[in-house]
Amino acid sequence: MPERHVHLNTFAHGSGYHEAAWRVQERDPAEVLRLASYEEIARIAERGLLDSLFLADSPGVAEFRTEFLPQSAFDPLQVMAALAAVTEHVGLIATASTTYSKPYDLARRFASLDFLSEGRAGWNVVTTRIPGVAENFGGEPHPPHADRYARAHEYVEVVQKLWDGWDDDALVGDKAAGLWARRASLHPPAHRGERFDVASVLGFPRSPQGHPVLVQAGASDAGIDLAARFAELVFIGQPTIAEAVAFRARVQRRAADFGRPSDAIRILPALPFTLGSTDAEAKALRAELEAASSSEFRWRNLAAMTEIEPHEIDPDAPLPAALLDAGPRTSIGATVYALARGREQTFRQLAEQFAVRPGALDFTGTPEELATLIEQWWRAGAADGFTLMPMVLPRDLALFADHVVPLLQRRGIARHEYTGRTLRDHYGLARPRPARAASRPVAAA
Ligand SMILES: Cc1cc2nc3c(=O)[nH]c(=O)nc-3n(C[C@H](O)[C@H](O)[C@H](O)COP(=O)(O)O)c2cc1C
């Protein structure tokens, strides 16, 4: 029976998850643009024996954000490749969009990271929500939600075929015979699909994990379907234990529909947190962050997340009835509209309460209290672990590693050392066997 413990992944971006984190720290606001700041976060994650760190991404920025919080949306794969060289254990999960890239390119880049990190690569598969991104990619309008997810299904299918393009034993390295790899062990995808045609194999053998670990964070029904079919880690959850237990069961049932075993997916809900040595200290730190936040940023950000154009609303009036009646445009919108209905609150007031993503957990307190929350959720079967969203980086992550992890260890639910080598080992995920059905061996030339 494999060792069971709480799995821990952490958000590793910028100065922290709270938009005002950069304003309450001593650091240079440009620090987030230096590799050293990522390296510091990764080292803390390893000190806390975390399973993985992840970098979010969108291939474009909503310009209003540049005023309010540090922008460091580097290509996550490049940052992770740099971190692979200075870390030994922690998993490296990069986000990349299926809407604004091609399967051969991403299959190659993630498998490269898997080699460079000796089996620690993961891909957070996103379909990209921000419509403005389309204008950076040449003319085509931003595809509707259903199309983006349909494309993502075929996309991941092709990527998996590419990752399976070389048999595990293809590399022979027989110097005497002059045979580096067996050509008969190549299986070009020869994929001809609705959206993609991909002919040939990658230019290097199957990567250490077989497939880099697949991650999904979409919250809509279509997002959950994509997760159920492909994902091994899921970053969304629900705000209460009861809802989270039901959500986990739903994802597992849907995964079973796709023929996957019940232990194929680990659910790691996002967990934003602020820590202090006493409750009062934690609340004061959180209040300091809130005092430094901007009401202008909050309403513009909520409008973006709900896909409401700023010109459609007056931030100092309640959401117009016509908008509410037309129904939410995003999965976050569904949560927000439900809160807005029947209240006199202005959109600005509504937005001010969301320091975190609407519908997510939001913790402020002591290490002891956080360890208790984590243990309760885990023991109740509400989560396999968490995606930590430290409000202030690196401060809150360091407090977590040095004060929460030892408590979890004492409670017998956190590892005492890394026992595996790969990201799959950390999460107890099986190494996939190549699926051969759809590919055919290369014809002899
Ligand atoms: C922890 C977490 C991390 C996420 N990271 C990203 C990201 O880096 N890039 C992105 O475009 N979306 C990201 N998302 C958003 C989701 O991929 C998705 O777009 C959103 O939840 C809306 O879901 P839907 O498109 O299925 O409605 C993240 C969501 C969560 C909960």
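All values reported here derive from a predicted model rather than from experimental measurement.

Engineer: Hey, could you run me through the domain arrangement of the chain in this one?
Structural biologist: As a measure of interface size, the accessible area lost when the parts come together is often cited. Domain boundaries assigned for the chain yield domain 1 (7-280 + 360-427) and domain 2 (294-352). Here domain 1 and domain 2 have C-alpha centroids that lie 29 Å from each other. Taken as a group, Glu19, Phe64 and Arg129 account for 56% of the area that domain 1 buries against domain 2, more than any other trio of residues on that side. For the pair domain 1 and domain 2, the number of links is 4 residue pairs in polar contact (both at pLDDT 80 or more).

Engineer: For this particular structure, what's the right way to read the site of the ligand?
Structural biologist: Neighbouring residues of the ligand: 18 residues in total, closest Asp57, Tyr149, Ser220, Ser331 and Arg357. Between the ligand and Thr95, the relevant distance is 3.5 Å, taken from an oxygen atom to a side-chain nitrogen or oxygen of the residue. One of the side-chain nitrogen or oxygen atoms of Arg357 is found 2.7 Å away from an oxygen atom of the ligand. Protein contact buries 90% of the 620 Å² of open area that the ligand shows by itself. Mapped onto the shell around the ligand, the elements with two or more residues apiece are strand S4 (121-126) and helix H5 (145-163). Taken together, the residues of the shell around the ligand break down into 8 nonpolar, 8 polar and 2 charged.

Engineer: Looking at this structure, how should I read the UniProt feature "domain: Luciferase-like" (unreviewed entry) in the chain?
Structural biologist: Under the present numbering, the feature "domain: Luciferase-like" (unreviewed entry) in UniProt falls on residues 22-382. Here residues 22-382 runs as 41% helix and 12% strand, with 33 Å between its end C-alpha atoms.

Engineer: Just to check I follow, could you spell out the nonpolar core for this structure?
Structural biologist: In globular proteins that are soluble, nonpolar side chains generally tend to be buried together. The biggest cluster of nonpolar side chains holds 85 residues, and the ones touching the most others in it are Trp123, Ile374 and Phe400. With residues up to four places along the chain from it excluded, the contact list for Phe400 reads Leu8, Phe273, Leu275, Leu370, Ile374, Leu388, Val405 and Leu408. Among the nonpolar cores identified, the runner-up in size contains 17 residues, and Trp299, Leu302, Leu319 and Leu350 belong to it.

Engineer: Which parts of the structure should I look at to understand helix H7 (residues 241-257)?
Structural biologist: Two residues of an α-helix separated by three or four positions point the same way, owing to the 3.6 residues in each turn. Between the first and last C-alpha of H7 there are 24 Å, a value that for 17 residues agrees with the 24 Å anticipated at 1.5 Å per step. Buried within H7 we find Ala244, Phe247, Arg248, Val251 and Ala255. Buried residues in H7, looked at end-on, bunch into an arc of 100°, giving them a common side. For H7, the exposed residues lying more than 90 degrees away from the buried face are Ala242, Arg253 and Asp257. Buried residues belonging to H7 abut helix H6 (221-230), strand S11 (266-267) and helix H13 (367-379). Downstream of H7 by a residue or two, Gly259 has a phi angle that is positive, lying close to 80°.

What counts, and at which threshold
- Residues numbered from 1 in each chain as written.
- Predicted model: local features only at pLDDT ≥ 70, side-chain atom pairs only at ≥ 80, totals over all residues.
- Heavy atoms only, no water.
- Domains from an automatic or database assignment.
- Buried area = accessible area lost by both parts, 1.4 Å probe.
- Polar contact = N/O pair within 3.5 Å; in protein donor to acceptor, adjacent residues only side chain to side chain.
- Near = heavy atom within 4 Å.
- Areas by Shrake-Rupley, 256 points an atom, 1.4 Å probe, with all protein chains shown as cover.
- Helix = DSSP H or I, 4+ residues; strand = E, 2+ residues; numbered from the N terminus.
- Nonpolar A, V, L, I, M, F, W, Y, C, P; charged D, E, K, R; others polar.
- UniProt positions renumbered as here; feature names shortened; annotations may be inferred.
- Core = buried A, V, L, I, M, F, W, Y, C linked by side-chain atoms within 4.5 Å.
- Buried < 20%, exposed > 50% of the residue type's maximum accessible area, 1.4 Å probe, protein only.
- Contact = heavy atoms within 4.5 Å.
- Expected span 1.5 Å × (residues − 1).
- Arc of directions from axis to C-beta.

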